[in-house]
Amino acid sequence: KKQIPYGKATQGIDALEKKFHWSSRHSKYWKSFCALKAGLWQDNYFLDFREMIATNLDLQSLILSIHYKRLKYGWSLDELEELTGSRSGKIYSNQPSFCTLVASLFYENGDFDKTLELLTRALNLNPSASDGYLGLSSFALDHHLTLSGVSSKITEKCQTLFAKFQMFSTFFNNELSDKKIVILGNADSGKGRSDGKFIDSHDHVFRFNNFPSEKRYVKDYGQKITVWVRTPSIHEVPLRQEIRPQTIILSSPLMLHTKNGNWKWMVEYCDRDEQLVLFDASVFRELVQKLNAPPSAGILAACNISELLHDLSYIRFRGFDFNTGRQSHYFDNQKPASRHNWDIEKLIFSKITERSLNI
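Parameters at a glance
- Residues numbered from 1 in each chain as written.
- Predicted model: local features only at pLDDT ≥ 70, side-chain atom pairs only at ≥ 80, totals over all residues.
- Heavy atoms only, no water.
- Phe/Tyr/Trp six-rings, centres within 6.5 Å; stacked < 30°, edge-to-face > 60°.
- Helix = DSSP H or I, 4+ residues; strand = E, 2+ residues; numbered from the N terminus.
- Buried < 20%, exposed > 50% of the residue type's maximum accessible area, 1.4 Å probe, protein only.
- Pairing = 2+ DSSP bridges.
- Axes fitted to C-alpha atoms, helices over the stretch in contact; angles between N-to-C directions.
- Parallel < 35°, antiparallel > 145°, perpendicular 65-115°, else oblique.
- Left-handed = near helix turned anticlockwise from the far one by under 90°.
- Contact = heavy atoms within 4.5 Å.
- Nonpolar A, V, L, I, M, F, W, Y, C, P; charged D, E, K, R; others polar.
- pLDDT = per-residue confidence, 0-100.

**Digging into the packing of aromatic side chains**
Within this structure, the stated rule accounts for 14 aromatic pairs. Taking the centre distance of 5.7 Å and the plane angle of 65 degrees together, the rings of Tyr107 and Phe112 count as edge-to-face. Arranged with centres 5.4 Å apart and planes meeting at 80 degrees, the rings of Tyr107 and Phe139 form a pair that is edge-to-face. Here Phe139 lies in helix 9 (residues 134-142) and Tyr107 lies in helix 7 (residues 96-108), a separation of 32 residues in the sequence. Exposure remark for Tyr107: the relative accessible area of 10% places this residue in the buried category.

What follows is the structure, encoded as C-alpha cells:
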C-alpha cells in the first residue's frame, strides 16, 4: 500500500479481475489480488479483518471482491440476485459473514424482503452475525429477530442511534436552505488573511475532522462551528468533548450498512444533542469512479451541496488548496494523504466554486 500509487493499484485490480475469474481464486494470482485489495481498503471502513482472518481464503477473496466492486461500481438488484444464485453464492450460502454482507447490499438497495431472508439465515447460523452492521442490527430488531440471538442491548442502542440519522439532502433542505454558509477546509492558505470575524458572521460554519480549537487560530480561521464533518474512524479523529456542533456529518455514507468495527463509539452520541447526518451514497460512488480513489471529506461536502443547489451564491469556500502547498493542514506539518487524488479533486472543486460568489 505504501509503495503503489492508489490509482495504479486500483487499475491493477481491475486488470487482474478481468484476467482471473472466480474459478482461479486458488491461484497465487488471486491471493496477490486479495492482498492488494486488503492493503487498499483496510483504512476505509469496509472490512473487519479480525473476521477475515477467522475465515478461509476463498471466502476472504469473495468478500474482498464484493466490497471492492460495491464501493467502486455500486450494485443493481439484478446483479445481487445473480450473486446469490451464482456458484460462489451457493457455496457460501451457509456462511454467516457472506449472508450478512449480501443482506447489507440488498438493504442498501431497498429490497427488504430479500434482506430479511438473508439476515434471518445469517442469524440462525451465527446469532452475532449482524453485530457492527448498524443498519442491519436496527433492521433485525424492527423485525423481531432478537429471538435469533441478536443482543437486545446492542440492538436497542443501534435503534436509538439509527433513528437519529438523517440524509444530507433532508438536513440541508430543512435547516440550511437560504442560510449563509462557510465551508471551511483545513488548508494553510487562510493564514494571515484575518478572515476569522467574517467566517464567524455566517449562519453556519462547516469544519472538518481534526480542526483545532486553540485561540491562536481564531484571527484567521474563526471559532464558530455548527457542522462538524468527520470520518467515522475514531483512530483518525478522536472524540472531543469541547466540540459541541449542532450537527455531525459522517464522511462515509456507506457505514450504516457495512461492517465497521469503529461504529460502537457513536453510541456515546445518543446522550448528546447533535444531529447525525450521512452524505448521499450515490454522490460518494460517483466521486470514487471519477477519482479512482476515495474522496476527501472536503470534496464530498462540496459535491453534495452542489448536487442540491443551482445557486451557490450564498455559499463561501475557505481553506481549500488541495495540497498545492507544502503542508496538508494549517495546524500541523502532516503530509498530504496519498490515498486521495488531489489533482482531480482540485479540478472538480474549481468548477463548483465558479458558481459561488466568493472562494
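On we go from here.
**A word on the pairing of strand 4 (residues 227-230)**
Every second residue of strand 4 is oriented toward a common face, with Val227 and Val229 on one face and Trp228 and Arg230 on the other, all of them buried. Relative to strand 4, strand 3 (residues 204-208) runs parallel, the two sharing three bridges. Along strand 4, the bridge assignment pairs Arg207 with Trp228. Bridge analysis of strand 4 against strand 5 (residues 247-250) gives four bridges, and the strand direction is parallel. When the bridges of strand 5 are listed, Trp228 appears paired with Ile248.

**Quick word on the pairing of strand 5**
The alternating pattern of strand 5 places Thr247 and Ile249 on one face and Ile248 and Leu250 on the opposite face, and all of these are buried. Sheet topology places strand 5 next to strand 6 (residues 275-278); four bridges connect them, and they run parallel. Counted as the bridge partner of Thr247 is Gln275 from strand 6.

**A few points about helix 14 (residues 281-291)**
Those residues of helix 14 that sit buried are Ala281, Val283, Phe284, Arg285, Leu287, Val288 and Leu291. Note on helix 14: the residue one or two positions beyond its end, Asn292, has a positive phi of about 55 degrees.

**Remarks on the packing of helix 7 against helix 8 (residues 112-125)**
Relative orientation and spacing of two packed helices are given, respectively, by the angle between their axes and the distance between those axes. Remark: helix 7 packs on helix 8, axes separated minimally by 8 Å, with the N-to-C direction vectors making an angle of 160 degrees. The angle between helix 7 and helix 8 places the two elements in the roughly antiparallel class. Remark: the crossing between helix 7 and helix 8 carries left-handed chirality. Mapping the contact onto sequence places Pro96, Cys99, Thr100, Val102, Ala103, Phe106 and Tyr107 in helix 7 and Phe112, Lys114, Thr115, Leu118, Leu119, Arg121, Ala122 and Leu125 in helix 8. Of the residues assigned to the contact of helix 7 with helix 8, the class counts are eleven nonpolar, two polar and two charged.

**Quick word on the packing of helix 5 (residues 77-85) against helix 7**
At a closest axis distance of 10 Å, the pairing of helix 5 and helix 7 adopts a crossing angle of 160 degrees. Accordingly, the angle class assigned to the pair helix 5 and helix 7 is roughly antiparallel. Note that helix 5 runs across helix 7; the crossing there is left-handed. Note on element contacts: helix 7 touches helix 5 through Val102, Leu105 and Phe106, opposite Leu77, Leu80, Glu81, Leu83 and Thr84. Considered class by class, the residues forming the contact of helix 5 with helix 7 number six nonpolar, one polar and one charged.

**A closer look at the confidence of the model for the protein chain**
Overall, the prediction assigns the protein chain a mean pLDDT of 78, with 74% of residues at 70 or greater. Here helix 3 (residues 49-54) stands out as the least confident element of the protein chain, with mean pLDDT 45; strand 3 is the most confident, with 96. Every residue in residues 41-54 scores below 50 in pLDDT, and together they form 36 contacts with partners more than four places removed in sequence or on other chains.

**Topic: the side chain of Thr84**
Residue placement: Thr84 occurs in helix 5. Thr84 has contacts with Gly89, Lys90, Val102, Phe106, Lys114 and Leu118, leaving out every residue within four places of it along the chain.

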